[in-house]
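Residue strings, one per chain:
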Amino acid sequence: MSDVLQINSPTWGAPDQDAGDRIQAAFGAEAIVRRVEFRGELTLDLAIERYVEVCTFLRDQEGYDLLSDVTVVDYLGYTGEVAGYWGGDGRDINRDSHTGKRVVPEPAGPKRFGVSATFCKVMTVTDDAHRRLRVRVWVDEGESVPSLVAVYPSADFHEREGFDMMGIDFAGHPNLRRIIMPADWGGHPQRKDYPIGGEPVQFSDEV
Amino acid sequence: MAATEETKVWPQQDILQPVPSELWPDSDNPDLLEINLGPNHPSTHGVLRVVTTLDGEVVVGVKCEVGYVHTGIEKNIEQKTYWKAIPYVPRMDYLSFFSGETAFCMATEKALELEVPRRAEWLRVIFQELARIHSHLVFLGTGSVDLGGIALLFYCFRARDEVLDLFEMACGARMHPRYCQVGGVAEDLPKGFDRRCREMITFMRDQIEQYYELIGANPIWLARTKGVGVLSPDFAIRMGMTGPNLRASGVPYDLRSANGGYGGYRDLDFQPIVEQGGDVHARFRIRIEEMRQSLDLIEKALDGLPEGPVMTDDRKIALPPRHELHTSMESLIHHFKLVTEGFEVPAGEVYAPIESARGEFGFHLISDGSARPWRVRLHGPAFVLLQSFAKLCEGVYLADLIAILASIDPVLGDVDR
């Protein structure tokens, strides 16, 4: 026992590069556009037309039986000089302050939105071999992502939230409607160009 | 569980169609009655609206409508430095509040590759387990009220107060303590904490026996819970369920022991508790057993608590000690810079899950290299486990729907964020 514990989370296991190799063997080399490894976490950027097939492969052949998360990230303004906080009309709490960005990172991906799904092996392995893997596809405004609901039913709420908060169209989702915001809400609040101040106050109309 | 061929086979078309998280009535019988359960109803544990279709007394359709306590935590965190984002997090899962703080700090530490002193890791274990006990006590108390047993609520809330007293003693706040910090915990334990905590453990062990006597042999309780809302392990895993609900169906998956565990759990010998059956009764029983196990863990952690600092010595992350501010210019500058600007986290993305009281609680943190997170996705367990609720209610009586909802233990602050 050392004095300090290793911080890297063991919940991921070792990066599952072999799964990436087997995906490329089964679907061709161009199925995986890029592999990103950061802090022991492996992310596979997939070609979008292979997305559902690869996830089905992961589920049936690789033993990733739990879909633990679907995350949509808006990278608008990610590589700008100053983190993109737009001035609004009312209270201008979106303007960048001195706590803003000083490091300009590499572009995270080729398009505006990154839609990633994190999988975990739970029942298919013994206690010490739980692995995690993340796959990701990139889309722009107006493009749609194939839905994972038919493959992993637990993607249902996650994808509805992705549609609600980010405006991603998940093609083939059986029930794609807003989940958290009211049904008649305008805009998608989690996007980077959605202001956090200065929007009209809701429910203040004269009755 | 050993690798088997059966568990790898997923049916392509199954009962989950067309919408996995909703139950639609088969017929268009005009006598079907649609009622709204909630959003303001004591049995929905918050503000959950369950649109229920009834055929007589039998549930034939269920739709969950959420979002009533959406507060935009994810959006707010994007505007804050990492340091200032920590108090937002326990507000989502307000019953297992310390788990949220720990998960956020662990995600940030992972992105920073920051090492945490062992004593801090162990203190986190103690307080995570206290938060788990707190959450399970509220679950047991309110859950028993849903089933008509008022007495247990008062027993549970009395014990809950003892747990909150310990939080108050260590960090001043009873709930939402902001005790966990990036790089360790805020302060060391106060004098007398050890004795007080052991008194609480003795008290709680006695209480848990009483809970068993109150509900374990009660024929009404057994009739209401046994065989109701059976969750099969396959269905649970397909619907993304984790935590005690999954373990009550017989799957021994617990992040505290999987791959050897995280944080201080690596040093503690720990076996997850598994119940068979997957019904409401098993889900109640497993939480009582987990409280017992948490008490054991706290006792073990108190016995073997390592000496040493409780905060990392990296002065670019940790605030300098208060007394240095009067004598050291360097410390004053660091203090000022940390409070006003925060620290920068290397660009990249990490996902760090921990085991909270109701399952996998993960933070998907995307950093752009600045002092503020680019995006934080809060993966709360309650959001996921609510998906399987509708299918569990197929063909049960309305009163059993209440029991099932109580037994899966959603927290709406976690669902809506």
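Conventions used here
- Residues numbered from 1 in each chain as written.
- Chains lettered and ligands numbered in written order.
- Predicted model: local features only at pLDDT ≥ 70, side-chain atom pairs only at ≥ 80, totals over all residues.
- Heavy atoms only, no water.
- Helix = DSSP H or I, 4+ residues; strand = E, 2+ residues; numbered from the N terminus.
- Buried < 20%, exposed > 50% of the residue type's maximum accessible area, 1.4 Å probe, protein only.
- Polar contact = N/O pair within 3.5 Å; in protein donor to acceptor, adjacent residues only side chain to side chain.
- Contact = heavy atoms within 4.5 Å.
- Axes fitted to C-alpha atoms, helices over the stretch in contact; angles between N-to-C directions.
- Parallel < 35°, antiparallel > 145°, perpendicular 65-115°, else oblique.
- Left-handed = near helix turned anticlockwise from the far one by under 90°.
- Salt bridge = Lys/Arg side-chain N within 4 Å of Asp/Glu carboxyl O.
- 1 Å grid on protein atoms, 1.4 Å probe; cavity = no way out; pocket = protein on both sides within 12 Å on 5 of 7 lines; lining within 4 Å.
- Points joined across faces, edges and corners; volume = space filled by probe spheres on them.
- Phe/Tyr/Trp six-rings, centres within 6.5 Å; stacked < 30°, edge-to-face > 60°.
- Lys NZ or Arg CZ within 6 Å of the ring centre and 35° of its normal.

All names here are of chain A. The residue Ser147 is located in the loop between β6 (144-146) and α3 (155-166) in this model. Classification of Ser147 by relative accessible area gives buried; the value is 9%. Here Glu159 takes part through its side chain, which lies 2.6 Å from a polar atom of the side chain of Ser147. The residues contacting Ser147, other than those within four sequence positions of it, are Val52, Glu159, Phe170, Ala171, Gly172 and His173.

Residues and elements named next belong to chain B. Within the secondary structure layout, Arg358 lies in the loop between β6 (348-356) and β7 (359-367). Note: C-alpha distance between Arg358 and Ala382 (24 residues apart in sequence) is 7.0 Å. Among the polar contacts made by the side chain of Arg358, one reaches the side chain of Asp93 at a distance of 2.9 Å. A distance of 3.0 Å separates a polar side-chain atom of Arg358 from the backbone oxygen of Asp409.

Take the packing of helix α4 (residues 118-146) of chain B against helix α6 (residues 193-216) of chain B next. Residue and element names in this part refer to chain B. α6 packs onto α4 with a crossing angle of 30° between their chain directions and a minimal axis gap of 13 Å. Classified by the angle their axes make, α4 and α6 are roughly parallel. Taken as a pair, α4 and α6 cross one another with a handedness that is left-handed. Here α4 contributes Phe127, Leu130, Ile133, Leu137 and Leu140 to the contact with α6, which in turn contributes Phe193, Met200, Met204, Tyr211 and Ile215.

Glancing now at the pattern of salt bridges. Here the structure, examined in full by the defined rule, presents 53 salt bridges over all chains. Arg377 of chain B is paired through a salt bridge with Asp69 of chain A; the nearest N and O atoms lie 3.2 Å apart. Here the residue Arg377 of chain B occupies a position in strand β8 (residues 373-379), and Asp69 of chain A occupies one in strand β3 (residues 66-74), the pair thus bridging two chains. In terms of burial, Arg377 of chain B and Asp69 of chain A fall into one category: buried. Across the pair Glu161 of chain A and Arg417 of chain B runs a salt bridge, and its minimum N-O distance is 2.6 Å. Placement of Glu161 of chain A in helix α3 and of Arg417 of chain B in the segment after α15 (412-416) is noted, with the two residues assigned to different chains.

Residue and element names in this part refer to chain B. Unlike most non-glycine residues, Glu113 shows phi in positive territory, near 55°. Within the secondary structure, Glu113 sits in the loop between α3 (97-112) and α4. Within the chain, His176 stands out as a residue other than glycine whose phi angle is a positive 50°. Looking at the element boundaries, His176 is found in the loop between α5 (151-171) and β4 (180-181).

Here we come to the layout of surface pockets. Quantified by volume, the second largest pocket comes out at close to 300 Å³. Within the residue set of the lining of the second largest pocket, elements represented by two or more residues are β1 (32-38), β2 (41-46) and β5 (132-139) of chain A together with β6 and β7 of chain B. Tallying contributions element by element places β1 of chain A first for the lining of the second largest pocket, with three residues.

Here the focus is the packing of aromatic side chains. Under the definition given, this model contains 19 aromatic pairs over all chains. Here Phe139 of chain B and Phe284 of chain B contribute two aromatic rings whose centre-to-centre distance is 4.9 Å and whose plane-to-plane angle is 35°, an arrangement assigned as tilted. Of the two residues, Phe139 of chain B is situated in helix α4 and Phe284 of chain B in helix α10 (residues 280-303); the sequence distance between them amounts to 145 residues. Comparing Phe139 of chain B with Phe284 of chain B shows no difference in burial state: the two are buried. On the basis of an interplanar angle of 70° and a centroid distance of 5.2 Å, the ring pair of Tyr262 of chain B and Tyr265 of chain B is categorised as edge-to-face. A residue is classified by how much of its surface remains accessible, and Tyr262 of chain B, at 1% relative accessible area, is buried. Residue class for Tyr265 of chain B comes out buried when judged on its relative accessible area of 1%. Three or more aromatic residues link up through ring pairs in this structure, and these residues are Phe97, Phe98, Phe127, Phe167, Tyr179 and Phe193 of chain B. If you follow Lys121 of chain A out to its NZ or CZ, it ends over the ring of Tyr64 of chain A, 5.1 Å from the centre. The side chain of Arg178 of chain B reaches across the aromatic face of Trp83 of chain B, ending 5.3 Å from its centre.

It is worth stressing that arrangement in space is one thing and function is another; only the former is reported here.
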